[in-house]
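Structural characterization, general
Each chain, letter by letter, is given below.
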Amino acid sequence: GSGSLKGCNDIMTLSLLILLCLLASLSAAFQYQIQSQRSRRLERTRHTTTPLFAFNEYGTESIRNILKQYGFAGRLVTLNHDDLSDRPLPAELYDKGTWKLCLIKGLKLPSSSKADVVKPPLLQVLAMDDNGLFVENKVVDIGQCTFIWSDFNKSFHISTADELVKTLQSKYSEAFQSLQSNILTTEDAMQNLYNGRIANRSRPPAKNHRYAPLTKKQIPKIAAKFPQFNHLEELLRNLVKVGEDRSSRMVDSVLAMDYLYTDFCREGDDETLIRRVIAATVLTEDATSGGRFKRRSCQFVECSSIIEDGICKSTTLVNGGWIALDPSVRAGTEGRKFAAATKQPKDANTSSPVLTAADERIAHRLECLAMGDVWKNDKSENDDEEKSLELDVREALSSMALPLTADGATRALVQLGRWSQNDVENKNKKAKVIEPWSAEVIYAAQKLVSFRERRQIEIASAKKKSKGKPSLIDGRVDLSSLPCVCVDAKRATFRDDSIGIRLRSSTGRKVTPASKWEILIHIADVSNIYYDGNEAQFKLLREAAERRGQSRYDLPFGPLHLLPPKALSALALSTDDNSANECVTVWAYIDGRDGRLIEAGLERTIIGSPKALSFDDATNLLEIDSQNVPKSLTNTRAIITVAERNLSLWSQRRTERSETAQKREKRLATKEFISQELRAAGNVARDDGVGGSFQRSKGHRLVDSSLDLYAVAITSLMKQKKKPVPRAAGSGVDRGGRLGTAPLRRYIDGMCQKQAIAVLCGYGKPLSLDECKEASKLASRASDTVANLRSTKKRDGSTNNKQRGALHKVARHISSTGARKLKAVSSGHNNEVVILGTGAVARCRGVKGTLKGGEKLLIEVITIDPEKGLLDVRLTS
C-alpha cells in the first residue's frame, strides 16, 4: 500500500512540473506577442502620425492634475473625437476682428512636427458665413477658438447634427433681429461685469481652502519636473495672468448673459441660445470700442492618445473668453495713444486726425472737462475705479505737456483740431474766442444758415403764387394757415416739436362719428444735413453730430450741443411772426370715445410760427376757466384742449392694454416720486427734468403723450412697410422708447427721421439693414460714453450743496432721535437709494445688481459726515 501511495505522489509531482513548464512557455509567447504588437504600432505611428509628447504610462493625467492642484480646473474642457463626430459642439470662432459661430466636428493632428516638441491638434469645424449659414468646412488652430460651449450638449437635447445646424441658424438669425429691433443698454451691463471681474481679482483667499495659489516663482520648478511637456511653463504663466477660478478676470458669453438680462430664463430654452449669441456679439464689440476686455483664446493642455489616419482620440483644453484689462494699464495706454494721434498727419478734408473708438472716448471726456466737469480724487478705499476712469485723460494731457485743468483740456482739443480758436475784435481789442467745434464745422454751419435763409425766400414766393390756398410746395403740404402750439421748458433755446389740430373733413379722408379732428405732431425737419443729395458741407455737420451723439445740458460752463448753435437755430422751429418752418408731421385720427388710434400717416410739411408756451403756461391754460382766458390765448387754449383730450384718451387706452406702457408708467411714476424727494432737499425748481426737477403736470403730460404717439405711429407705419429703423439704446418697442422725436438733440433721431421720410414720403434713398445697425451702434457708443462719465461723477468724492444740505438733515435726525434705521426708496439706478423726507442719495453696501426702481426699503446709516459728503448705508429689516 505504501509503495502504491509513493508511486501516486511521484506521478502528481511530475504532472505539476509539466503544467508549470507549459504555463511558463505560454506566458513567454504571450509577452513576445504583446511586445511585437507594441513595436509594430510604434513603428507605424512614427511614420503616419505626429508625436504630441513623450508618452508614458502616467503622463496623460499629469498636467490636468497640476491645474486642479492650483485651482484652474474650472475652465478645463475635454474634447473626444468620437463624441464630436456624433454631436458637434458649438464654439465662438475669432475671424478677422469679429466672431463667427462654428461647430467643432472632430480633432486632427498637425501635418508635421519635431519629435521632441509638444504640438496641439487641429480642430475640424463647420463655420458660419456672413449670412448666418453653416457652409464653411475648415481646419483651424485651437487658438482661433475664443470660447467653446462645453455645456451645450448637457443643456440642450438635440438629437441629430442636422437638427443642431437648423436650430443654431434659426436662433442666430433671431438674435440679430433682436439686436436690431431692441438694442440693449449694454454700457451699464458691461461696466458692471468689468467692475465685478476687477473686484474678483482682489478677493482674499478663503480659509481652509483646498489649494494654495500658484506664484510665478513656482512655475519654472514645476515645469522642470515634467520636461516632456515643453509647453507647460508658458501655459501656467498665462493662467496666472488670468487668475485661478475663484479670482479669475475671465468672462465669457455665459457670464455676460447674466449681466445683460435680469429676468430668469430656464436652462435649455431656445431663448438662452438667442441671449448667448447676443452676449458673444456684445463682448466682441466691447473689446473693440469699450476697451474693457481683451480676447483670450483657448489653450492646449494635453492629448490623451493617438489613433491612425492622423486623428487624435481626445484632447484637453483651457477654455478661452475675454479677460478684463487692468484699469491703470488700459487707461494709461489709451491716453498715450491719444496724445500720439494728435501729432499724426490730419485727414485731407478736415483739420482733425482720424481717431479710434478709444480716442473718441477720451476726446469726449476732454470736452466735458473743458466745460467744467471735474473728478475729485478722494483717498477713500473704494476710489480705485474712479481714478482709473480719469487716468486716460490725465495720461493724455501729461503726454501732451498740458495741465489737468479745463484750460488744459481746451488747449488739447484745439491742438487736436476738434475745437477751434478765433480772434474776435471787441471795442477795438482783440480777444481769443474758443468754439467747441472745428473750423470746418463752423463754416458748414454758416453755410446752412445761408441755405435756410434762401429757403425762406423760396417758400414765401411759392406761397404768394398759391394765393393762400393749401398746396404742395416742393413736395411739402402747406399747413401754415393752421395755428399750432409749442410747449417747452422755460430755458429752451431751440424748439423742435409742436402740436396742432386739423379738421378731418379738410383732408378728404373719411370722417366718422368717432371724431372730427386729426391731431398733428410736428417735428423740426433736419433732412438738410442728413440727406445724401445736399451740399458737401452739410456732411460735415452730420459727421459732427455722429461724433457727439447727443447734447449735454448738465455741464457747469454751459451746454455742449449736438451741433453749433447757428446750425441748430437754422433748423429749429422759429416762433417769429411770418416765418415758415419745415417739419415732418404725423397726423393721427383718434376715436374721441375710447381713445383708439383709427388711422395715422406721415407728411413733409410747412407750418407757420407756433405759439410758444412754457409747461406752466400750458398747465394753467388747461386748468383755468374758459371765461378767464385772455382773448390773445383763446385759439391757443382751444388747440391744446382738443389735443389734450384726445391724447389723454389714447394714452389711457394704451396703458390699459399694453404691458410695455404699464411698465413705462411705473418708471415715470417712480421718477416723479424720486424727484419730489430730491426737491425736499432744497433743489431749485426747474421744469426741464434736470437736477431732480422731473414733473408730470398737465403741460408735461400733453407733450409726453404727443411724442409717444409720434413714436408709436412711426413704428407702426415702418413695420407695415417692413423696413428697419435706427434705434437708440433702450428705445426698443418693449420699453416704449421714443423714436425720431428730438433730432436737434440726438443724432439717432436725425437718422430715424431720414429713414422715415425716405420710406413713407419717398424723399431720398432708404437705409439698408446694415446701415441702420451701424447708425444704432454709433449712437449707442456716444450715449455709453456719456453714461460712463455720469456714473463716474456719481461715484466721485465731490458733493454738491444740495446733497450736503440733505446730509445735514439726516445727521440732525439721527442726533435728535438716535435712530439710524430710516425709510428710503430705490431710484432704479444700480444700488442707489433716496432717504425719504431728506432727499439724501446713497449707495447700499452689499447689494449686487440693481434695486427695483420705486421699491420702498429700510436702510441703516453706517457712516455719515455732511462736510465730507460721506454717507454709507446698508439694507436692514
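Because the structure is a prediction, the values reported are computed rather than measured.

**Things to note about the pairing of strand E26 (residues 870-875)**
Along any regular strand, the residues point their side chains to alternate faces of the sheet. Looking at chain direction, strand E24 (residues 841-845) and E26 are connected through three bridges and run parallel. The partner of Arg843 across the bridge, within E26, is Asp872. In this structure, strand E25 (residues 856-865) lies alongside E26, joined through six bridges in antiparallel fashion. Its bridge partner being in E26, Ile864 is matched across the sheet by Leu871. Between the antiparallel neighbours E25 and E26 lie four residues, among them Gly869 with a positive phi of about 75°.

**Regarding the sheet that holds strand E15 (residues 476-479)**
Strands pair in a sheet through their backbones, by hydrogen bonds, and they do so in one of two ways: parallel or antiparallel. With mixed pairing, the eight strands of this open sheet are ordered in space as E14-E15-E20-E19-E18-E17-E16-E21. One side of each edge strand has no neighbouring strand; the edge strands of this open sheet are strand E14 (472-473) and strand E21 (611-614). Strands strand E16 (484-488), strand E17 (497-503), strand E18 (517-524), strand E19 (581-590), strand E20 (597-607) and E21 of the sheet are contacted by helix H20 (residues 634-657), whose axis makes an angle of about 90° with E17. On top of the sheet, helix H23 (residues 747-760) reaches E18, E19 and E20; it is set at about 105° to E20, its chief contact.

**A few points about the packing of helix H22 (residues 698-721) against H23**
The N-to-C vectors of H22 and H23 enclose an angle of 50°; their axes lie 11 Å apart at closest approach. With respect to each other, H22 and H23 are oriented oblique. The two elements H22 and H23 cross, and the hand of that crossing is left-handed. When H22 is examined against H23, the residues Ile714, Leu717, Met718 and Lys721 are found in contact with a partner set consisting of Gln755, Ala756, Val759 and Leu760. Per-class residue counts for the contact of H22 with H23 are six nonpolar, one polar and one charged.

**Section: the pattern of salt bridges**
The final tally for this structure, using the stated rule, is 34 salt bridges. In this structure, the salt-bridge partner of Arg455 is Glu458, at a minimum N-O distance of 3.2 Å. With Arg455 and Glu458 both in helix H15 (residues 439-466) and three residues apart, this pair spans about one turn of that helix. Classification of Arg455 as buried rests on a relative accessible area of 10%. Overall, Glu458 belongs to the partly exposed group, its relative accessible area being 43%. A salt bridge links Asp616 to Lys490; the shortest N-O distance between them is 3.3 Å. Here the residue Asp616 occupies a position in helix H19 (residues 615-623), and Lys490 occupies one in the loop between E16 and E17, the gap between them amounting to 126 residues. Of the residues examined, Asp616 reaches a relative accessible area of 32% and is grouped as partly exposed. Exposure remark for Lys490: the relative accessible area of 58% places this residue in the exposed category. When salt bridges with common partners are traced through the structure, they connect Arg452, Arg455, Glu458, Arg476, Asp525 and Glu582 into a single cluster.

**Some thoughts on the nonpolar core**
Judged by nonpolar contacts, the single largest core of 59 residues is most densely connected at Leu79, Ile104, Leu123, Phe152, Leu168, Met190 and Phe293. In terms of residue count, helix H10 (residues 270-290) provides more of this core than any other element does, eight residues in total. Setting aside anything within four residues of it in sequence, one finds Phe293 in contact with Met190, Leu193, Tyr194, Val251, Leu283, Asp286, Ala287, Trp322, Ile323, Ala324 and Leu325. Ranked by size, the runner-up nonpolar core spans 43 residues in total, among them Ala489, Ile521, Ala600 and Ile640.

Conventions used here
Residues numbered from 1 in each chain as written. Predicted model: local features only at pLDDT ≥ 70, side-chain atom pairs only at ≥ 80, totals over all residues. Heavy atoms only, no water. Pairing = 2+ DSSP bridges. Helix = DSSP H or I, 4+ residues; strand = E, 2+ residues; numbered from the N terminus. Contact = heavy atoms within 4.5 Å. Axes fitted to C-alpha atoms, helices over the stretch in contact; angles between N-to-C directions. Parallel < 35°, antiparallel > 145°, perpendicular 65-115°, else oblique. Left-handed = near helix turned anticlockwise from the far one by under 90°. Nonpolar A, V, L, I, M, F, W, Y, C, P; charged D, E, K, R; others polar. Salt bridge = Lys/Arg side-chain N within 4 Å of Asp/Glu carboxyl O. Buried < 20%, exposed > 50% of the residue type's maximum accessible area, 1.4 Å probe, protein only. Core = buried A, V, L, I, M, F, W, Y, C linked by side-chain atoms within 4.5 Å.

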